Each structure stands twice: as structure tokens, then as C-alpha cells.
Amino acid sequence: MSPTSSQKPSSTRRTRRTRRQLARTLRALAAWAVGLAMFFPIAWMLLTSFKTELEAFSTPPRFAFEPTLENYRQILERANYLHYAFNSIVTAGGATLLGMLVAVPAAYAFAFHPTARTRSTLLWMLSTKMLPGVGVLVPIYLLARDTNLLDSRTALILVFTLVNLPIMVWMIYTYFRDVPADIVEAAKMDGAGTWETLRDVLLPVCRGGLASTALLCLILSWNESFWSLNLTTSHAAPLSALVASFSSPEGLFWAKLSAVSTLACAPILVLGWLSQRQLVRGLTFGAVK
Amino acid sequence: MSASSRRARVQPERLLGQPAVVLLLLWMIVPLAMTVYFSTQYFNLLYPKKSSFVGLENFAYFFTYPSFWTSVLNTVLLVGSVLAITVVFGVLISVLVDEHFPGQGIVRMLLVSPFFIMPTVAALAWKNLLMNPVSGFFAWIARAFGATPVNWFADWPLLSVILVVAWEWLPFAILIFVTALQSMDREQKEAAQMDGARAWAIFRYLTLPHLGRPIAVVVMVEAIFLLNVFAEIFVTTNGGPGDATTNVPFLVYTQALLEFDVGAASAGGLVAVVLANIVAVFLIRLIGQSLTARSGAPS
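Residues numbered from 1 in each chain as written. Chains lettered and ligands numbered in written order. Predicted model: local features only at pLDDT ≥ 70, side-chain atom pairs only at ≥ 80, totals over all residues. Heavy atoms only, no water.

Under an unreviewed UniProt entry, the name given to chain B is Sugar ABC transporter permease, and the source organism is Pendulispora albinea. A UniProt comment under Subcellular location (unreviewed entry) is attached to chain B, and it reads "Cell membrane". (UniProt positions renumbered as here; feature names shortened; annotations may be inferred.)

Going by an unreviewed UniProt entry, chain A carries the name Carbohydrate ABC transporter permease and comes from Pendulispora albinea. In UniProt, chain A has this text filed under Subcellular location (unreviewed entry): "Cell membrane". As its UniProt record puts it under Sequence similarities (unreviewed entry), chain A is described as follows: "Belongs to the binding-protein-dependent transport system permease family."

Chemist: Can you walk me through the side chain of Asn-223 of chain A in this structure?
Modeler: On the secondary structure map, Asn-223 of chain A appears in helix H11 (residues 207–223). Using a relative accessible area of 8% as the deciding quantity, one classes Asn-223 of chain A as buried. Discounting residues that sit within four places of it in the chain, Asn-223 of chain A has contacts with Ile-268 of chain A together with Phe-115, Phe-116, Ile-117, Met-118 and Pro-119 of chain B. (Helix = DSSP H or I, 4+ residues; strand = E, 2+ residues; numbered from the N terminus. Buried < 20%, exposed > 50% of the residue type's maximum accessible area, 1.4 Å probe, protein only. Contact = heavy atoms within 4.5 Å.)

Chemist: Help me understand the packing of helix H6 (residues 119–130) of chain B against helix H7 (residues 137–144) of chain B, please; the structure alone is not making it clear to me.
Modeler: To describe two helices that pack against each other, one gives the angle between their axes and the distance between the axes. All names here are of chain B. Contact geometry of H6 with H7 gives a least axis separation of 6 Å together with a crossing angle of 35°. Only Phe-137, Phe-138 and Ala-139 of H7 make contact with H6, whose side of the interface consists of Trp-126, Leu-129 and Leu-130. Among the residues forming the contact of H6 with H7, the class breakdown is six nonpolar, no polar and no charged. (Axes fitted to C-alpha atoms, helices over the stretch in contact; angles between N-to-C directions. Nonpolar A, V, L, I, M, F, W, Y, C, P; charged D, E, K, R; others polar.)

Chemist: For this particular structure, what's the right way to read the UniProt feature "domain: ABC transmembrane type-1" (unreviewed entry) in chain B?
Modeler: Here the UniProt-annotated "domain: ABC transmembrane type-1" (unreviewed entry) positions come out as residues 72–283 of chain B. For residues 72–283 of chain B, the helix share is 76%, the strand share is 0%, and the end-to-end C-alpha distance is 21 Å.

Chemist: Honestly, the packing of aromatic side chains in this entry has me stumped. Any pointers?
Modeler: Aromatic rings in a pair are described by how distant their centres are and how their planes are angled relative to each other. Going through the model one piece at a time under the given rule, you end up with 35 aromatic pairs over all chains. Considering the side-chain rings of Trp-200 of chain B and Phe-203 of chain B, the 5.8 Å spacing of their centres and the 35° angle between planes classify their relative orientation as tilted. Separated by three residues within a single helix, Trp-200 of chain B and Phe-203 of chain B lie in helix H11 (residues 199–226), roughly one turn from each other. What links up through ring pairs into an aromatic cluster is the set Phe-226 and Trp-227 of chain A together with Trp-27, Phe-230, Phe-234, Phe-250 and Tyr-253 of chain B. Residue placement shows Lys-51 of chain A over the ring face of Trp-44 of chain A; its charged tip is 4.2 Å from the ring centre. Residue placement shows Arg-204 of chain B over the ring face of Tyr-205 of chain B; its charged tip is 5.1 Å from the ring centre. (Phe/Tyr/Trp six-rings, centres within 6.5 Å; stacked < 30°, edge-to-face > 60°. Lys NZ or Arg CZ within 6 Å of the ring centre and 35° of its normal.)

Chemist: Please clarify how the UniProt feature "transmembrane region" (unreviewed entry) in chain B should be interpreted in this entry.
Modeler: All names here are of chain B. Feature annotation in UniProt assigns "transmembrane region" (unreviewed entry) to the following positions: residues 21–40, 72–97, 109–126, 158–181, 214–235 and 262–284. Between the C-alpha atoms that bound residues 158–181 there is a distance of 33 Å. The span itself is 100% helix and 0% strand. Strand forms 0% of residues 262–284 and helix 100%; the C-alpha atoms that close the span are 31 Å apart.

Chemist: Just to check I follow, could you spell out unusual backbone geometry for this structure?
Modeler: Excluding glycine, residues mostly have negative phi values, and the peptide bonds linking residues are mostly trans. You will see that Asp-151 of chain A, though not glycine, has its phi angle at about 60°, which is positive. On the secondary structure map, Asp-151 of chain A appears in the loop between helix H7 (133–146) and helix H8 (153–177). Among the residues examined, Asp-151 of chain A registers a relative accessible area of 14% and is labelled buried. Positive phi outside glycine occurs at Phe-260 of chain B, with the angle close to 60°. Take Phe-260 of chain B: it is sitting in the loop between helix H13 (248–258) and helix H14 (262–293).

Chemist: Is there a simple way to explain the state of the cysteines in this structure?
Modeler: Disulfides are covalent bonds that connect the sulfur atoms of two cysteines. A full pass over the atoms with the stated rule returns zero disulfides over all chains. Left without a disulfide partner, Cys-206 of chain A is nearest to the cysteine sulfur of Cys-217 of chain A, which lies 18 Å away. (Disulfide = S-S within 2.5 Å.)

Chemist: Help me understand the pattern of salt bridges in this model?
Modeler: Pairs can form between side chains of opposite charge once their charged atoms are near each other. This model, assessed by the stated rule, comprises six salt bridges over all chains. Note that Arg-27 of chain A is salt-bridged to Glu-99 of chain B, the shortest N-O span being 3.8 Å. Taken as a pair, Arg-27 of chain A in helix H2 (residues 10–48) and Glu-99 of chain B in the loop between helix H4 (66–98) and helix H5 (104–112) lie in two separate chains rather than in one. Taking the relative accessible area as the measure of exposure, Arg-27 of chain A reaches 28% and is therefore partly exposed. When its relative accessible area of 32% is taken as the criterion, Glu-99 of chain B is described as partly exposed. Linking Glu-70 of chain A and Arg-73 of chain A is a salt bridge whose minimum nitrogen-to-oxygen distance equals 3.1 Å. Pair noted here: Glu-70 of chain A and Arg-73 of chain A are both in helix H4 (residues 70–77), with a separation of three residues, about one helical turn. On the basis of relative accessible area, Arg-73 of chain A is assigned to the partly exposed category, the value being 42%. Linked through salt bridges whose partners overlap, the residues forming this network are Glu-70, Arg-73 and Glu-77 of chain A. (Salt bridge = Lys/Arg side-chain N within 4 Å of Asp/Glu carboxyl O.)

Structural data, given as C-alpha cells:
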């Protein structure tokens, strides 16, 4: 407290306090307003998914209505939602699994057995992430076509893995690098080999980091749209492609579009909420903590 | 002798990095080499027998094609506007939600949610549920104020795409800035407040400098992703009306998979690669600095 403020009459101090209180309340209200506004499109979509098609299209928009599960029932039956959901689960899950199998050993080698070239190798890996999809769209499309992998889950798994691999290696690398070297050295002294060190020391210590890396890869693969739209037609098409198929019959199936969108996004949204803090690390390659 | 035995002991562990390196090398070199090769060929998927060497003709075709320059301009406008929107509003919103208030955790969850929505869903929800000129939510608001509803995707196609993409990426900026603000020196800020510093002065001289590096990271990372925006355009405007919302990725897609002109598409793809690499050089330098800055810690 500066001496001048304590000399001031108590009434001034009180108005200042109420003014600060008011500012704080306004600030909280503003924060809530911005949060709700950002979330509104999602909330509106969720709401629309429980309307009838007629209510979804009505003007002015309906806020009060009798919620129906009809859209979800029809989506599950007619749009063959489960086929696409299965493709999403297999491709995103497969890419995550494969990615972890390749990324964890690589991150281990880079973090604990660095060579003179490790730094440039890591930066080079990051640079492959900068390769725009369209730059390699034609060859990948032709390669997939010539190996009969067009519209196959295998092709999507491979592409998703390769697209996310740099991020995964980086993210796990930043977690491994934070492990005190003493722990690893101690394990070595006790005669633990590479596999034992990895399994008994690093994996338990970095469990949280590895989980969030896998989660990030899962989220990115699940939402990936460029490759899934260009490499699949129907057999291997994931949910992002199913939703896109609703873009043609304009405006007629809003409620069903909302239902299928909700089903496609809900699991990932929940995963995102749970892991938002850890995701920052992966998304910025550890450059912001 | 000891040196060679140590090398023999260490070598197998270094090999663990090889699968990742080899896979990424293949992923980069093979398709890129093919793209370079195709870009010098007349090669149409409809007439696969007719392919022949044409030198730089595909590039000449692209550079004299009016849609190409429109698509470059659209790409720059899209990336630039979304970056400006997300950085400015990202900083303001992060500062707003940084101090404790009731429901802070929930508000942050609401704020970052759009980032986890898949692009096709985001684009369709905005186009149909919000921006539809007849029964969209925005039309209703406009009418409630006695205004004429805007026919978003018909009259302002590029602006509409920009708004959708900005909505998707603003949460990313908020996520990064909120995290960065948490590491800010609270005591320094409180001391400044005690000294009677106004909110603006604190923001200008403490907060903004602290956010300098995160802002740079956001700009670089977003630029890489925004140069590749595709699904949002694919499901909303299909590049139109005319070529009003065609960006470079979308133009390459139309050349390759709609007109089957592999040669021209490859030339366009290489242009996209060059664009992305200009941005990438800066990002790599930025990340590389942080790597050296903290490389003293391990081993």
C-alpha cells in the first residue's frame, strides 16, 4: 500500500473497492459471454439434432421443442453410420498404434543417445510436416491406385501415421528429455538393457506424456479430412467423409446432419477437453510451456 | 580399443531412430520426386498412354492461368486474415480469462471446443445452421434487428470461409496463449499494480512482451495448417462461385482429381510446396532456437 492511499478517507476507499468489484464482475460476465459465443455453433448443432426436420428448418428458429431421438435412430439405421464409425476407429486407432510403435523408440534414441546429427535430424523431421498435402497428392493417389490401396483402411492408416509421426516423435522426445539422466544411468548400472530401461523406467515415468501423445494423434487422425476425402470413396471412408456427403442435398436434412455430426464429434470433443493442457506441448513442438 | 567397444555397445540403441527416419525419408522423397517428374510431363489420367516430356510447359500453363493467380491471392487473404483474427482475439480473450473468476474452467473448455470439431462438420454446421440466408441463425438475428439477412456464401464467399476457419483456429491461439500466461511472473504484475500501473500499461509492457514468442509460434504453426485448408472449401463452396474461394490446394485438387491433368496438378503442387517452405524456414529457425536454448539440460 502506498502511504497516500491510507490517508484518504474511508469512503473513497470503499468506492474504489466497489468499483474494483464491479470491474471483476463485468470481466467474468464478458468471459462467460465470449465462451458461450464460441461454443454456440456446437450447442446449436446439438440442439438441432434433437429436432424434427421441420423444426430444424423453421423460421424463426425454435428454442423450445419436444426432443426426439428419431434422427439418431434413422442415422444409425439408414446412413450406415456404424460402417463409417468403424472405419474412423480402425484408421485413427491403427495410425496411433503404429505411430507410437515407431515414435517411442525413435524418441528414446534421440533423447538418450544423441549424436552430432540428432538436432538436425529432429528439425528435418519437423520440416516434413511442412510438406503440403497437395504437393504429394498426385503421386500418393497414383501409388495407392497402382497398389490397389485406393479406398482402403490400410492406405489411410499409413498416411495418417506418416503425417503425424514428426509431431509424435517431437512430443515424446520433449517428455523423455525431461527425465533426469541419473535415473536412466542408475538403471544402466543395475544392468538393465535398453528394453528393460524403456519398459521399467521410462514408460512408467512418462505414462502421462505418452498417453497425451497418443491422444493427440488419435484426435488429429480422427478429424483428418484432406486425405480421407481424396483417398476414399465408400469402403474405407471415415466419419469426416460421411459428414461431407451431406453437403450436396442442401438444407433438407439439417436435423440428420446435426445428429451425424454430433455422433462424429462427441468422443473427440470429450478427449480434447480431458487433455487440452498437455496438447499444447505437442502442438507447439515443445516451444511453449 | 575402448572407443571401438563403446561404439559397438551404443550403436544398436541409435538404430532405434532409424525406422522413423527411413519412413519419413520415403514419405518425403518418393512422392516429391514423382511430383517433380510429373510436373515436366504431359500426363492426363484419361489418356495414360500419351504422356510425354514437355519441359516447363505445365508451369507456364499454371502461371498464365487466371484462376491460378486468383487462388494464390485467395490463399494469401485466407491465411493472412485468419492469422490476424486469431492472434488479436486470441490475445484479448486469453488475457480476459487469465484471472480467476467463477466457472473459469468451464469457460476455458467452451473456448477451446471448436478446435476439436472436424473441419467437415464445422464447415457444414456454419453453412447450414448459422449462415443460411433463409432459416439460418444469423438470418434470424438480422431480421430481429430489422436488417436484411446476408446471403453469406453467395455474396461474401471468401469472407464466409475465413470466418469458419477463424472459428476453428481461434481456440488453438487461446490454448497456447493461456498456457503461456500461466508461466508469467505474477509478482512482477502485482508489483506493477501496487505502483499504480494501469491495466493498459501492464498489458503493453508486461503481457505483450511475454507473449511475443507464443505469438510467433502460433503464427508459424497456423500458417502451415492454413496453407492447406481444403475440407472447409470442399464442403461449402466447392471453390466457387467461379473461383472466388479457390485456394492453391483446392486448385491442385480440381486439376488432379476432377480434370485428371496430372502434369498441371503436379506443377501446382510444387508451387504450394514452395509457398509452405517460405513459412517453414522461419518456423524451423524459431523451434531450432528453443532446442539449442535448452539443450544444456539433458545428458
